[in-house]
Amino acid sequence: MSRPVSRWAIVRAIVRKDLVEYARDRLWLFLTVLVLVVVTVLFWVLPDDVNESIVLGVSGLEDPAAVLGGPAAEDGLEVVPFPSGADLEQVVAGEADAWQTDGGTLVIDGDSDQAPPEGARRVDVPIGIAFPEGFPAATAAGEETGVAVYVDGSVPEELRTAMAGLVRELAFQVAGHPLPVEVPAQGFVVLGEDRVGSQQSPREGFRPLFVFMVLMMELFAMASLISKEIQERTVTAVLVTPAGVADVLAAKGIAGALSGLAQAVVVLAAIDSLRVHPPLLLTLLLLGSVMVAGTAMLAGSMGRDFMSTLFWGMAFLVPLLVPALAALFPGTASPWVRALPSYPLIRGLVDVQSNGAGWADTLPQLGILAAWCAALFTAGWLVLRRRVQAR
Amino acid sequence: MTEAAIQVQDLHFSYGRTEALRGISFEVAPGEILGFLGPNGAGKSTTIKILTGQLPVKTGRAQVLGIDVTADDPQVQSQIGVCFEEKNLYEALSGRENLRFFARLFGIRDLDADALLRQVGLAERARDPVAKYSKGMRQRLMMARALVNRPKVLFLDEPTDGLDPVSSRAIRTLIKEEAGSGAAVLLTTHDMFEADELSDRVAFLNEGRIHAIDTPENLKLQHGRRAVKVRMRESDGVREQSVPLDAADAGEQLGAALRSPGLMTIHTEEATLESIFIEITGRSLEG
């Protein structure tokens, strides 16, 4: 004989059933484990460091390191002398390789079978300055000279301009003249954490994307389970018991959020990313999981079969993924990217994990994320309720 | 007088402009089996959906156990059991897990699922996922699921549709047992023999209206012929003779037949529920 049953007992029973069903769905289980493994392996394979110095090839000066050594080292420049301007041009153009030996720089043509000497170190030279013969004397005498600056196609415009400034400064220096102006005192004010010497490595850059990929898998899996429950009308059988529509919806939300949170925590632990502010990270992930559960409700309600559920899942996934991709590149995200629901989650993860931000710094992101969560979860709830009632 | 377990008065329902129910009224007493006979689209499933809270009552009145039915009413739903026409079971769960899950929704934590599975002949397959069950096994599990809360009212929508004779018999036995223990049963079926065998009363439903509702015996008496058919072997072959029971010389005719050495068989010419349905509604149950 049945007895009065609490709403929570009903919701708990449905959540438990949903999680068991999820764990027995071989397709989603396989994909979930696959994504967790791939993400973890990829993370540890990615480089963990960044070479912050710029290699500058120089020809035409007898002792370029002595001339450029002081200011160059301060600017993070590694000066490599070249025997001739032609060699330098070839190396920057990628037609020859430059090898540093005890006796100087050896240039070996790319088509040559010549082996580099033992102990030689290969250097990539993206920028080269070729000074003409007798440049110091000619400059000192006030004669007109020409300097060639070779740059690789990937060198940014700002660096090219800086090289032009460096050449001008050198001209005054080798000629023994002071600069024609009094150089103003420069004070660098670094806003935020000074990342000189600790630039974001590829591994660090990919970290939010990896976490987000795991949450996205959850979106597909939950959407598929919800769609299946409606299509196979098992939800109808549940709704002729004391369980109401609200109980079913609450259970779907809880099961989706729990499952997403658990997987995100597992992947964060596997990529050693739970050391900084764990409670803050867990809060961000919980909100992210709720947002994904709401989105899964939307996609699951709209799907009429497996393929259409996948379609709707992709339709929601692509825009949500954009902020995670944008985080791979330095610079401020475009306004439209910042308007996407997943942006505060990604920004929060980056701030906490890469910049060591705390609760106070992350509060604005948490607030916006919570608002998006509420909006998406409410939308998912309403659409799914309508679908369940019309079963 | 015992209060009816199900009371329906002048119930109407429309899907958009299509009228599914056009003012039906009936009652089912505790322990009674009411068979709903009608072709597809007659309104049988709509009636069950309204009484189980899946569809709202728009016009008219529907009560289950004295409570007005509204959509998703846990007060009603805790005391009813529903066996759906479609096999809506959780395929990834085993038979035992399906029953235990539904029992928890009724607040039952100590369900003896194995005893229930034994009752429907599925004890041996209790641990197998439902995905591996045959159609008959699924139907038997659906029946077991409808019984997890020992319901006072059972709604059975085509419970033996497409089943083999053995599975059908097992389910019919179970239905009789439940009614015997006091449950009111509303049974929809296409199968006139099943309705005849199980139902205390049958209702003929067509195009949203109840055309007749009575015991099968009364319906047969009202609409059938009171006659017997006698088959006799004679020298020139087999002869069939219809003897009206109301005829003045009925006794003499039957006596002569019984004394005849050529008597082969005597059958009643009682009407079937199907023939009565066709006579009353003008259409077949298969429609």
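A brief structural summary. Just so you know, these numbers come straight off a predicted model, no measurement behind them.

Before going further, it helps to spend a moment on the overall build of chain B. Assigned secondary structure in chain B consists of ten helices and 13 strands. Projecting the C-alpha coordinates of chain B onto the three principal axes gives extents of approximately 70 × 45 × 40 Å. Put simply, of all contacts in chain B between residues at least 6 apart along the chain, 66% involve residues at least 24 apart. Summed over all atoms, the accessible surface of chain B reaches about 12900 Å², with 47% contributed by carbon and sulfur.

Our focus in this paragraph is the nonpolar core. F26(B) and F155(B) are the most contacted members of the largest nonpolar core, which totals 142 residues. If you tally residues by element for this core, the top one is helix α7 (residues 202-231) of chain A, at 16 residues. Among all residues touching F26(B), those that are not within four sequence positions of it are I6(B), Q7(B), V8(B), L34(B), F36(B), T47(B), L51(B), L186(B), I210(B) and I213(B). In terms of nonpolar packing, the next biggest core, distinct from the first, is built from 14 residues, I129(A), F131(A), V155(A) and L170(A) among them.

Below, the discussion takes up the interface of chain A and chain B. Between chain A and chain B, the residue contacts involve 28 residues of the former and 31 residues of the latter. Counting each side, the surface lost to burial between chain A and chain B is near 2600 Å², with a carbon and sulfur contribution of 58%. Of the charged contacts in the structure, one is a salt bridge between R24(A) and E97(B), with a shortest N-O distance of 2.7 Å. The tally of links from chain A across to chain B stands at seven residue pairs in polar contact (both at pLDDT 80 or more). Elements with a contribution of two residues or more to the side of chain A that touches chain B: α1 (7-24) and α8 (234-239) of chain A. No other element matches α1(A), which puts ten residues into the side of chain A that touches chain B. Here the residues of the side of chain A that touches chain B sort into 13 nonpolar, four polar and eleven charged.

Further remarks concern helix α1 (residues 44-51) of chain B. Residue and element names in this part refer to chain B. Most of α1 sits out of view: six of its eight residues are buried. What α1 keeps buried is the set K44, T46, T47, I48, I50 and L51. G53 sits one or two positions beyond α1 and adopts a positive phi of about 80°.

Our focus in this paragraph is the pattern of salt bridges. Oppositely charged side chains can form a pair if their charged atoms are brought close together. Inspection of the entire model under this criterion finds 27 salt bridges over all chains. One salt bridge in this structure joins K252(A) and D18(A), with 2.9 Å as the shortest N-O distance. Of this pair, K252(A) sits in helix α9 (residues 245-270) while D18(A) sits in helix α1, and the two are 234 residues apart along the sequence. A single burial state applies to K252(A) and to D18(A), both of which are buried. For K176(B), the salt bridge is made with E197(B), and the minimal N-O distance between the two is 3.2 Å.

Further remarks concern empty space enclosed by the protein. Applying the stated criterion across every chain yields a total of five cavities of 30 Å³ or more. When its volume is computed, the largest cavity comes out at roughly 80 Å³. Around the largest cavity sit A237(A), V240(A), T241(A), I80(B), G81(B), V82(B), F84(B), F102(B), F106(B), R145(B), A146(B) and N149(B), which together line it. Secondary-structure elements contributing two or more residues to the lining of the largest cavity are β6 (80-83) and α5 (135-146) of chain B.

Moving on, we come to the sheet that holds strand β8 (residues 184-189) of chain B. All names here are of chain B. Across the sheet, six strands lie side by side as β6-β7-β8-β3-β9-β10; this open sheet has mixed pairing. Since the sheet does not close on itself, it has two edges, and those belong to β6 and β10 (209-214), each with one partner. This sheet shows a mean twist of 15° between the axes of neighbouring strands, independent of strand direction. Across five bridges, strand β3 (residues 33-37) lies against β8 in parallel orientation. Bridge assignment links L34 to a residue of β8, and that residue is L186.

Turning our attention to the pairing of strand β1 (residues 6-15) of chain B. Residues and elements named next belong to chain B. In terms of strand pairing, β1 meets strand β2 (residues 18-28) through eight bridges, oriented antiparallel. Its bridge partner being in β2, H12 is matched across the sheet by R22. The turn linking β1 back onto β2 is made up of two residues, and G16 within it adopts a positive phi angle of 65°. Sheet topology places β1 next to strand β4 (residues 59-64); five bridges connect them, and they run antiparallel. Its bridge partner lying in β4, I6 is registered against V64.

A few words now on a negative patch on the surface. On the surface, a cluster of negative charge is contributed by E89(A), E95(A), D109(A) and D111(A). Within the element layout of this structure, D109(A) appears in strand β4 (residues 104-109).

Now for helix α8 (residues 216-223) of chain B. Residues and elements named next belong to chain B. Residues of α8 that are buried include every one of P216, L219 and K220, and no others. Each buried residue of α8 sits inside an arc of 100° when the element is viewed along its axis, so together they form one side. The outward face of α8, more than 90 degrees from its buried face, is lined by the exposed residues L221 and Q222. Looking at the buried side of α8, the elements it contacts are α7 (192-198), β9 (201-206), β10 and α10 (273-281).

Residues and elements named next belong to chain B. Judged by pairing direction, the sheet is antiparallel, and its four strands sit side by side in the order β2-β1-β4-β5 without closing on themselves. If you trace the sheet from one side to the other, it starts and ends with β2 and β5 (67-68), each paired once. Most of the contacts of α1 go to β2, to which it runs at about 65°, and overall it touches β1, β2 and β4.

All names here are of chain A. Residues L29, V33, V37, V41 and V45 make up a contiguous nonpolar surface patch of roughly 420 Å² in combined accessible area. Locating V37 in the fold gives a position in helix α2 (residues 26-45). Exposure remark for V37: the relative accessible area of 47% places this residue in the partly exposed category.

All names here are of chain B. In this fold, M232 is placed in strand β11 (residues 227-234). Between the alpha carbons of M232 and L263 there is a distance of 4.5 Å; along the sequence they are 31 residues apart. Excluding anything up to four places from it in sequence, M232 contacts G237, V238, R239, A257, S260, G262, L263 and M264.

It is worth spelling out the environment of A146(B) at this point. Residue and element names in this part refer to chain B. Inspection of the secondary structure puts A146 in helix α5. Residue classification places A146 among the buried residues on the basis of a relative accessible area of 2%. Along the chain, A146 and P30 lie 116 residues apart, while their C-alpha atoms are 17 Å from each other. Those residues in contact with A146 that sit more than four places away from it in its chain are G81, V82, C83, P151 and L154.

Thresholds applied
Residues numbered from 1 in each chain as written. Chains lettered and ligands numbered in written order. Predicted model: local features only at pLDDT ≥ 70, side-chain atom pairs only at ≥ 80, totals over all residues. Heavy atoms only, no water. Helix = DSSP H or I, 4+ residues; strand = E, 2+ residues; numbered from the N terminus. Contact = heavy atoms within 4.5 Å. Areas by Shrake-Rupley, 256 points an atom, 1.4 Å probe, with all protein chains shown as cover. Core = buried A, V, L, I, M, F, W, Y, C linked by side-chain atoms within 4.5 Å. Buried < 20%, exposed > 50% of the residue type's maximum accessible area, 1.4 Å probe, protein only. Buried area = accessible area lost by both parts, 1.4 Å probe. Salt bridge = Lys/Arg side-chain N within 4 Å of Asp/Glu carboxyl O. Polar contact = N/O pair within 3.5 Å; in protein donor to acceptor, adjacent residues only side chain to side chain. Nonpolar A, V, L, I, M, F, W, Y, C, P; charged D, E, K, R; others polar. 1 Å grid on protein atoms, 1.4 Å probe; cavity = no way out; pocket = protein on both sides within 12 Å on 5 of 7 lines; lining within 4 Å. Points joined across faces, edges and corners; volume = space filled by probe spheres on them. Pairing = 2+ DSSP bridges. Axes fitted to C-alpha atoms, helices over the stretch in contact; angles between N-to-C directions. Patch = residues over 30% accessible without salt bridge, like charges linked within 9 Å, V, L, I, M, F, W, Y side chains within 5 Å. Lys, Arg positive; Asp, Glu negative; His and termini not counted. Charge placed at Lys NZ, Arg CZ, Asp CG, Glu CD. Arc of directions from axis to C-beta.

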